[in-house]
Amino acid sequence: MIEPNVIFHLERDSLDELLDGLLILDEESRITFANRFAASRLWADTNTVLKKPIADVLPEPTDFSWDEAWRRLSIEHRSIELDFLSVESLDSKEILFFDAVLIPRRRVDGGFSGATCLLHFSSATEKLAMEIESAQETIEKQLRQLKEFTAIGDEIVGETDLSHVLKRVAEAIREHSDYRRVVVSRFLDNEREREIACAGVSDEETNVIKALKWSDQMRKELFHDRFRIGHSYYIPHDLKEALPLSGVQSRIPRVEMKDWHPNDFLFIPLYGRGRKQIGMISVDDPRDGRAPTAEALRPLELFAEQAARAIEEAELKRELVETKDNLQRLIDSTPDAIIATDSHGVVTFYSDGAQRMFGYLPDEIVGKHLAQFYSDDPEVGKERARKIMDELLSSETETITGRTLEFPAKEGGWLPVVISAGILRNEEGAVLGTIGVARDISEDVRLRQQIMEKNRKLEAKNSELEEFVYVASHDLQAPLVSIQGFAAKLTREYEELLGQSGLHSLARLNANVSRISLLLRSLLDLSRASTKTIDKIPTLLSDLLKDTLEDFDEMIKEKNATVKVLHELPVVHCDGIQVAQVFSNLLGNALKYCSPHRPPVIEVGAEDRDTCHAIFIRDNGVGIQEAESESVFRPFKRLRVKSVDGMGIGLSIAQRIIERHEGRIYIERNETYGCTFWFDLPKRKQAVKR
């Protein structure tokens, strides 16, 4: 090659003697001179190419178009190197290989006046050698990149700081790839928001990028097969307007680019497990100004795979750490004691709640056998621990719940706790140990003892009261009989002296004495219902109902009532005499509180439920009001119907009898007329075989 600065000092003949081709171009890129060497290699007649633009004579360079090259030359006034794959000689049809240098020419006033084009021809062998050398350089470059990227990938895989991983990936790509600006994005859960890290990008530009929103539709349009190069996606600037793309302006002027445009986009997807896209890498401003090729992108794509794995692992580890921290806070805040052991019963975990509950520090417990919690005697403790372990292993669920035990407290004494425990196994099913939760029930035990003591005192008071009621009711009957006797004697012996007024007073006295006597008998009946021994035997309720209906036969006829037995009543383990009293009281109420506007209809039936037999007596009488549903069971509480005789004690007696049978009695309003009384009698519990 000749030196460009001596070209114009050579004579024309000297130019023809050059062993390189030389063309002189005017300011319109037209050929005004071609030396002999150029003419002999490219065309036979030089006159055929003179005055023609060089773009019409030589093929398009591989680096730039002729228009682009000439525009740069005329604006920047700097030499431009061009490369051509091959060109066919116009006369010999020989395939030629050459490269060129465009050197700007200036006028005296410094203005642009054209260019000198130096052509260096190579043989096929030389060209092949150059291509091999270029390929070797490319391979060496890619190997170097792979080595650098692999080292960085190994470094970041295992990192737990996700933000640091993203930043390290961006910086590594900027440092070891052909691109000056890098943005690494991680899609968040909704896949529209992103967490990003940038390299070679200003803070202002970073804020602009962070504000950009993504959508599923945008991703479908961008990651399309028509833009795919290797495993990446290259979107040329001329298609940008038709796509929902936006970004920050390139820092590199257009004139410094080759076939890459400042508005081009290149994206490398980041795929996690199951080929789910977890993010992407965006690069810009290539150092060589070239558009990407699949071969050139391969090292970067391989690094992207490592980066995706590192990002996903960092995210999983961050979630794991957060979950662990949350679990630890939950464990530390719970008032219950949580204790774990290995397969030999040695304590491996001792929670803060356990420390607060038992008083021992973790150093005093962890590493020691749990048997010391079960007894002061080591052998007894081990035996109890072994039995609990055997029970856990023999259970279908490998758990025990609600077991009440006593554990020693550091300050002395034994602490009552209720425990739940389970077996811990690894993925292969081998027993790792146990985990248990203990809850302090000291306060529950204390309250239970207080309640038991109060119940005992209350039962004693009730017994005293019931005994008093019984004695008082019984003993008061005698004076009442005496009063009635004296009143009858006065009426019989002193009728004339008493006159109508006196006789009326004695009649009122007798009526009140009779009412008091009835009240005392009711109190006795109520007391007997609460104190009389219950003798439970299997009893056919249908027989009790039949006998009770016979007792009411006259009253049923008098009321013109209809009694329907809807179902066969069951056999129940109960005190037949007392349950017959319940039937009597409920049927008596149904007949007494019938409506004067319609004939009484009474229905009796039963329902078989899970734990009890439910018996009902339904009537179409006067019914009850909503507010009376509970109060009707109170002693001496009568309905609003004043014409009905009675003391209002029948339902109270029925309630006490049913409750002493561990059942319940209640009332429901019917949709039309009347009401329904229900009473439940529990089914007999079957003995559990062990």
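What counts, and where the lines are drawn
- Residues numbered from 1 in each chain as written.
- Predicted model: local features only at pLDDT ≥ 70, side-chain atom pairs only at ≥ 80, totals over all residues.
- Heavy atoms only, no water.
- Helix = DSSP H or I, 4+ residues; strand = E, 2+ residues; numbered from the N terminus.
- Buried < 20%, exposed > 50% of the residue type's maximum accessible area, 1.4 Å probe, protein only.
- Contact = heavy atoms within 4.5 Å.
- Salt bridge = Lys/Arg side-chain N within 4 Å of Asp/Glu carboxyl O.
- Pairing = 2+ DSSP bridges.
- Axes fitted to C-alpha atoms, helices over the stretch in contact; angles between N-to-C directions.
- Phe/Tyr/Trp six-rings, centres within 6.5 Å; stacked < 30°, edge-to-face > 60°.
- Lys NZ or Arg CZ within 6 Å of the ring centre and 35° of its normal.

### A short note on the environment of R290
Among the secondary structure elements, R290 is positioned in the loop between β12 (277-286) and α10 (294-333). Given the relative accessible area of 29%, R290 is considered partly exposed. Along the chain, R290 and D259 lie 31 residues apart, while their C-alpha atoms are 5.1 Å from each other. Ignoring anything within four residues of it in the chain, the contact list for R290 reads T62, D63, K258, D259 and W260.

### Section: the pattern of salt bridges
Enumeration according to the criterion identifies 25 salt bridges in this entry. With a closest N to O distance of 3.3 Å, R107 and D109 form a salt bridge. Note that D390 is salt-bridged to R386, the shortest N-O span being 2.7 Å. Separated by four residues within a single helix, D390 and R386 lie in helix α13 (residues 378-394), roughly one turn from each other. Overall, R386 belongs to the partly exposed group, its relative accessible area being 41%. Connected through shared salt-bridge partners, R181, E205, D284 and D285 make up one network.

### Looking at the sheet that holds strand β19 (residues 562-565)
Strands belonging to one sheet form pairs held by backbone hydrogen bonds; the direction of such a pair is parallel or antiparallel. Pairing in this open sheet of five strands is mixed, and the strands run β19-β21-β22-β24-β23 from one edge to the other. The open sheet has two edge strands, β19 and β23 (664-669), and neither has a second partner. This sheet shows a mean twist of 15° between the axes of neighbouring strands, independent of strand direction. Of the pairings in the sheet, the one linking β23 to strand β24 (residues 675-682) comprises six bridges and is antiparallel in character. Bridged to R669 within β24 is C675.

### Structural notes on the environment of A385
Take A385: it is sitting in helix α13. Sequence separation between A385 and G345 is 40 residues, and the spatial gap between their C-alpha atoms is 7.8 Å. Residues within four places of A385 in sequence aside, it is in contact with H369, A371 and Y374.

### What about helix α4 (residues 66-76)?
For α4, the full list of buried residues reads W66, E68, A69, W70, R72 and L73. Once α4 ends, the next one or two residues include H77, with phi positive near 55°.

### Focus on the packing of aromatic side chains
For the structure shown, the criterion picks out ten aromatic pairs. Between the aromatic rings of W70 and F112, the centroid separation amounts to 5.7 Å while the plane-to-plane angle is 70°, which identifies the pairing as edge-to-face. In this pair, W70 sits in helix α4 while F112 sits in strand β6 (residues 112-122), placing the two residues 42 residues apart along the sequence. Each member of the pair W70 and F112 is classed as buried. Feature note: the residues F223, Y233, F265 and F267 constitute an aromatic cluster, connected by ring pairs. Residue placement shows R275 over the ring face of Y271; its charged tip is 3.8 Å from the ring centre. Sitting over the face of the ring of Y673, R598 holds its NZ or CZ atom 3.6 Å from the ring centroid.

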